[in-house]
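# Descriptive analysis of the structure
Residue-level listing of the chains:
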Amino acid sequence: MTALHLSRRRLLATSALLPATRLSFGAAPSAGDARLVLVILRGGLDGLGAVPAPGDPAFATARGALASYAEPALGLSGPFALHPALAQLHAMYGRGEMSVMHAVGLPYKERSHFEAQQLLESGGQRPHEVTTGWLGRALAASRGKGIALQSAVPLVLRGPATVDTWAPSALPEPAPDLVSRLGMLYEADPDLARALARAQALRADGMPTAMRGAGMAGVTRPGQAVTLAQRAAEFLGAPGGPQVAVLDMGGWDTHANQAAPQGALANNLRQLDTALATLREGLLAKGCWAQTAVLVCTEFGRQVAVNGTQGTDHGSGGAAFALGGAIAGGKVLADWPGLAPKDRFEGRDLRITTDLRAVFRTLLIDHLRLPQATVNREALPGTAELRSVPILRS
Amino acid sequence: MSAPLQAAIAAHRFGLGEADLAVVGDDPVAWLKRQIGPADAQGSGLPGVAEGLRAQADARRRLASSAASGASAADTPSPTAGRDELRELVQGDIRARLLTAVNTQRPFAERLAMFWANHFTVTTLKGSTRGLVGAFEREAIRPRIAGRFVDLLRASTMHPAMLRYLDNQNSAGPRSLIVQRIARRRAATDPLAPRLSGLNENLARELLELHTLGAAHAGGRYGPWGGYSQADVTALAALLTGWRGPGEAAPRPHFDPAWHEPGDKVILNQRYAEGPQAFDAVLTDLARHPSTARHIATKLARHFLADEPPPAMVARLTEVFLQSDGDLPALYAALIDSPEAWAPAALKLKTPEEFVVSSARLLRLGQGALGRAPDAGIGAMGQRLHAAPSPAGWPDRAEEWLGPEALWQRVEWASRVADRLGASIDARPLAQAALGPRLGAATRQQIDRAADPSQALALLLMSPEFQRR
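The model shown is predicted, which means the values in this text are computed figures rather than measured ones.

For chain A, the mean per-residue pLDDT works out to 84, and 85% of the residues sit at or above 70. Confidence over residues 206-222 of chain A falls short of pLDDT 50; this stretch has 53 contacts with residues more than four positions distant or in other chains.

The omega torsion across Gly223(B) and Pro224(B) is 0 degrees, close enough to zero to call that bond cis. When you line up the elements, Pro224(B) lands in the loop between helix H10 (202-211) and helix H11 (230-240). Unlike most non-glycine residues, Gln310(A) shows phi in positive territory, near 60 degrees. If you trace the backbone, Gln310(A) turns up in the loop between strand S8 (292-298) and strand S9 (318-323).

Residue and element names in this part refer to chain B. The geometry of helix H14 (residues 311-323) relative to helix H15 (residues 328-337) is characterised by a closest axis approach of 9 Å and an angle of 155 degrees between their N-to-C directions. With respect to H15, the element H14 is oriented roughly antiparallel. Our pair here, H14 against H15, has a crossing hand that is right-handed. Note on element contacts: H15 touches H14 through Ala 330, Leu 331, Ala 334 and Leu 335, opposite Arg 316, Leu 317, Val 320 and Phe 321. Classifying every residue of the contact of H14 with H15 gives 7 nonpolar, no polar and 1 charged.

Looking now at the domain arrangement of chain B. When cut into domains, chain B gives domain 1 (168-288) and domain 2 (352-467). Just the C-alpha atoms count here: the centres of domain 1 of chain B and domain 2 of chain B sit 43 Å apart.

Attention shifts here to the confidence of the model for chain B. All names here are of chain B. In this model, chain B carries an average pLDDT of 91, and 95% of its residues clear a pLDDT of 70 or more. Segment residues 72-82: pLDDT under 50, and 2 contacts once partners within four positions in sequence are set aside and those in other chains are kept. Interface confidence for the predicted complex, given as ipTM, is 0.85, next to a pTM of 0.78.

Conventions and cut-offs
Residues numbered from 1 in each chain as written. Chains lettered and ligands numbered in written order. Predicted model: local features only at pLDDT ≥ 70, side-chain atom pairs only at ≥ 80, totals over all residues. pLDDT = per-residue confidence, 0-100. Contact = placed C-beta atoms within 7 Å. Helix = DSSP H or I, 4+ residues; strand = E, 2+ residues; numbered from the N terminus. Axes fitted to C-alpha atoms, helices over the stretch in contact; angles between N-to-C directions. Parallel < 35°, antiparallel > 145°, perpendicular 65-115°, else oblique. Left-handed = near helix turned anticlockwise from the far one by under 90°. Nonpolar A, V, L, I, M, F, W, Y, C, P; charged D, E, K, R; others polar. Domains from an automatic or database assignment.

Spelled out as structure tokens, the structure:
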């Protein structure tokens, strides 16, 4: 834990002393460099809604009206299936490019969105203990670059590393002279100065800006996800571009009417499906899909049983998706605890049998090739005991 | 501290900026304290809940009839063809919010109204609350910002917008009459029987976590907050069942015993008997809880002073909250009387809304402050008004608003406004009149040396002195 209490300056100094990592992230990357995309679904994706387990004997009873959809679910291996809105993901599963993780989650039991998201992003042991992000610290250690497809830097990317943000803009660009004078004005205000310098650098890299729509600070609306996925692929595929991109999508807190065919869950899953397919196409076109791993995860799953309003309340274990050319796809990875009340956590939630942080570790160590010691010390302290999860092609 | 500096701090840190600090007068503390009271009325003729619900119903009917007429997306000219009353209502609420803030002479009261509306967030992002958010602010929040916390809490929790936003509308006791009745109809295979079987915990959880006690770990050095368990959440959800409305038949929220879970409920070791009286009883207990006092005191100090406010000051505000039994004017007075509140360094970054509103006040745009899309600029900077991404409301820390893109959007907006107004406004005397002693030498120099009047104005709007408060 001590590394986390280091001041920002100490942490920077520490990482500067590390030997260069195996991949030279600082240099102009060839198409061979690994790429990582993290998609955060905020609000608590209902894992059993997205990845139902119709083969589990307790499934139909527990889920009631949520057990079936307007169209048939798409079959996966074992007792599992995929929500019909995830047709393109299902095709990736069939091609061996996508695997599902189930009964996965964070070691956090209190079912608060805000605390669970804080842990998901900080990689800390207790909420609010750590105020930088695990991916931000990993990037600092590997001298990598990250980008967030939203106007503010999300917690997961915060830290001493270089992180850019991008969101669509509808206004004309300000005059360069004004911007350079603002630069002088911000000499005594490092936070404003840093943000301005990064925004300028992004534009200098020739990134287009004139697109319709407005980015939100907190959470991307689902409708925007496709545009942002497209841009993420362009950033990741650009020479000298970032290795890591973070996208997020809100609207998963489905307390009511979850099964409605045009309801929030079905619509959001359709958007997610399209966004991920768009990301794949973009990265294929740039020639870097083969080196890409995409992780789609959420802060917690939802209660197993349908609630009183045909929705689901906050729970524990849920589902996550790994996709990309670097992923060993076509599998459902789950140490399945079962859905019977006696098998549930506190009698109500899908029990967590895979720590989501083990997935983070696997991606950092085996995909981005961070030294294990760096991950243990800086990115994800307290996780050294977790076994890696076999999601990557060997 | 010099009186001019104190006036500048009062106007910017506790208000929404002024074009001329003279309005603050000789006694900035008295100027602020005079403003403590209910927020200004937003004007007459603004919609209430009934109008909002009617506009929702119209919008649903229009959608259904266009679906029934078989119009596909391709041959429908535009979804906005014809008058979209609901959309106009939502825009009208935002316009009223912004114009009131731009024109008020009680900007401290307005800031408090914005603070509490954010604390008790409801949003237009949910279909069943679209059109009700302005009414929520006008009916539940604005009249009660200077009473007792428990009254504000009760009005917020009981408002139709909140009952819908956090799903209490359809939460029923698992052993309630309505659930038994529906189960019988379904057993008789009645296809029209609604699906409804029990609790929805949404309101109960956020009432504890966001509105009163706070999440256990979120308090950090300002804690402890929280102190509740999953069992408390479930029991509170059961206690809240039955509070519904309005519907077609009943115009106001009401207690429907058929939906209420029978039996006692135990919350934080207190026992509450079945029935509507438990609502007031539990809110009274929650409002008095020390975690609530710490949670509210921290949020208030964080909002006005610093992302990490001085712990000693938070402790003092907590004590005032507890001693006064949640008397909000006493809490605000304690805030203003705190020596820490007048520290010269301006640490808080304005939210996009505060930036745009204070710019409009600086430029004396008055009623003409807003174009056709009143909040487009604010939305582009990352804050879609009345549409916070979650029940936690908008974040209150600079890092959440300081992404490179978010700052760039501020520059673009300031540049556009300055291009439009630069010819008619001289930024040099304005900077002096509005910022007083807070105007630093570097900014003064940059404004003086600007290439043209528009650039000077843009530099003033984007200066650290105007971006922070």
